[in-house]
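# Structure at a glance
Residue strings, one per chain:
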Amino acid sequence: MHPVMTRLAKDHLRLVKVLDLFETLLDRFHDGTEPDYHLMSEMLEYMEDYSESVHHPTEELIFERVLASGYERRDVFDVLIRQHAVLGQLNRRFRQSLDGILHEAVLLREDVEAHGRELIAALRAHQRLEDEEAFPIALERLTDDDWMAVEAAAPTRDDPVFGTPDPVRYHALYACFASEARD
Ligand SMILES: [Fe+2]
Ligand SMILES: [Fe+2]
């Protein structure tokens, strides 16, 4: 497998772990126990930060190359690129809901929970579409030269939780995954 695809596949496995944690925290919130808001906000910041600076731009280099090769089923790739923007919006909306709770704004807990569940579902569906459709098409279609060009243009920053940890910015999240980090 091309190194860039290996990296994306690893990112996806890591995101599954983060989403499982996210779900556990939301379940606690649903049951009326206050979840660790600090951990939750680090988790949201990490998801947005790493996705928007590394993961999504790397995928988009691949998707754009598939589209430029004249692939006839544009819809899958167009949808995925659009979803990248929507995922960022859903993340920010949920963070605002959480901030509202912390600042004692009057918010319905069900609405806050619904925003969180929607973000999780959107991320899982997005990842499934990439794993099951977009990545196999890219692997079949792109040439070695394409992969080299993607590799050369892709961001090189390491994952700040599972790769080269940023212990200040993601302290709580890193502690949660410390035993699995640097895998
Ligand atoms: Fe994506
Ligand atoms: Fe992805």
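The paragraphs below set out a description of the structure included in this document. Just so it is clear, the structure is predicted and the values come from calculations on it, not from any experiment.

Given a rise of 1.5 Å per residue, 33 residues ought to cover 48 Å, and the 46 Å separating the end C-alpha atoms of helix 4 (residues 109-141) matches this to within 8%. Where helix 4 bends most, the angle comes to about 40 degrees, and this point is Glu-130.

Its place among the elements puts His-126 in helix 4. Other than its neighbours up to four places away in sequence, His-126 contacts Glu-59, Leu-80, Gln-83, His-84 and Leu-87.

Another aspect to go through is the packing of helix 1 (residues 3-30) against helix 5 (residues 144-153). Two numbers describe a pair of packed helices, the interaxial angle and the distance between the axes. Packing of helix 1 against helix 5 leaves a shortest axis separation of 9 Å and a crossing angle of 60 degrees. Judged on the interaxial angle alone, helix 5 and helix 1 are oblique. In this structure, helix 1 uses Pro-3, Val-4 and Met-5 to contact helix 5, whose residues at the interface are Trp-147, Val-150 and Glu-151. Residues belonging to the contact of helix 1 with helix 5 are distributed by class as follows: five nonpolar, no polar and one charged.

Another aspect to go through is the packing of aromatic side chains. Following the criterion strictly, the structure yields seven aromatic pairs and no others. Aromatic pair Phe-22 and Phe-94: ring centres 5.5 Å apart, planes at 45 degrees, arrangement tilted. Highlighted residues: Phe-22 in helix 1 and Phe-94 in helix 3 (residues 74-102), separated in sequence by 72 residues. A relative accessible area of 0% places Phe-94 in the buried class. Note on Tyr-46 and Tyr-170: the rings are 5.9 Å apart at their centroids and 80 degrees apart in plane angle, and the pair reads as edge-to-face. Of the two residues, Tyr-46 is situated in helix 2 (residues 37-68) and Tyr-170 in the loop between helix 5 and helix 6 (171-177); the sequence distance between them amounts to 124 residues. Three or more aromatic residues link up through ring pairs in this structure, and these residues are Tyr-46, Tyr-50, Phe-162, Tyr-170 and Phe-177. It is Arg-109 that lies over the ring of Phe-29; its NZ or CZ is 4.0 Å from the centre.

The rules behind each value
- Numbers given for residues are sequential positions, taken from 1 along each chain in its written order.
- As a convention, the first chain written is A and the first ligand written is 1, with the rest following in written order.
- Selection of residues for local features in this predicted model requires a pLDDT of at least 70, selection of side-chain atom pairs for listing and counting requires 80 or more, and totals for whole chains, interfaces and linings are taken over all residues.
- By convention in this description, side-chain values take in all heavy atoms of the structure and omit both hydrogens and water.
- Helix and strand definitions here come from DSSP, where helices need a minimum of 4 consecutive H or I residues and strands a minimum of 2 consecutive E residues; each element is numbered from the N-terminal end.
- Helix span is expected to be 1.5 Å times the residue number reduced by one.
- Bending is quantified residue by residue as the angle between axes fitted to the seven-residue window ending at that residue and the seven-residue window starting at it.
- The criterion used for residue contact is that any of the two residues' heavy atoms lie within 4.5 Å.
- Interaxial angle, 0 to 180 degrees, is taken between N-to-C directions of lines fitted to C-alpha atoms, where a helix line uses only the stretch in contact.
- Any angle between 65 and 115 degrees counts as roughly perpendicular, while under 35 counts as roughly parallel, over 145 as roughly antiparallel, and the rest as oblique.
- By the convention adopted, Pro, Cys, Tyr, Trp, Phe, Met, Ile, Leu, Val and Ala count as nonpolar, Lys, Arg, Asp and Glu as charged, and the other residues, Gly among them, as polar.
- Any pair of Phe, Tyr and Trp rings, taking the six-membered ring for Trp, is counted once the centres come within 6.5 Å. Such a pair is stacked with planes under 30 degrees apart, edge-to-face with planes over 60 apart, and tilted for the rest.
- Throughout, exposure labels follow a simple rule: accessible area from a 1.4 Å probe, protein chains only, divided by the maximum for the residue type, with under 20% read as buried, over 50% as exposed, and the rest as partly exposed.
- We call a charge positioned above a ring when the Lys NZ or Arg CZ atom is no farther than 6 Å from the ring centre and deviates by at most 35 degrees from the ring normal.

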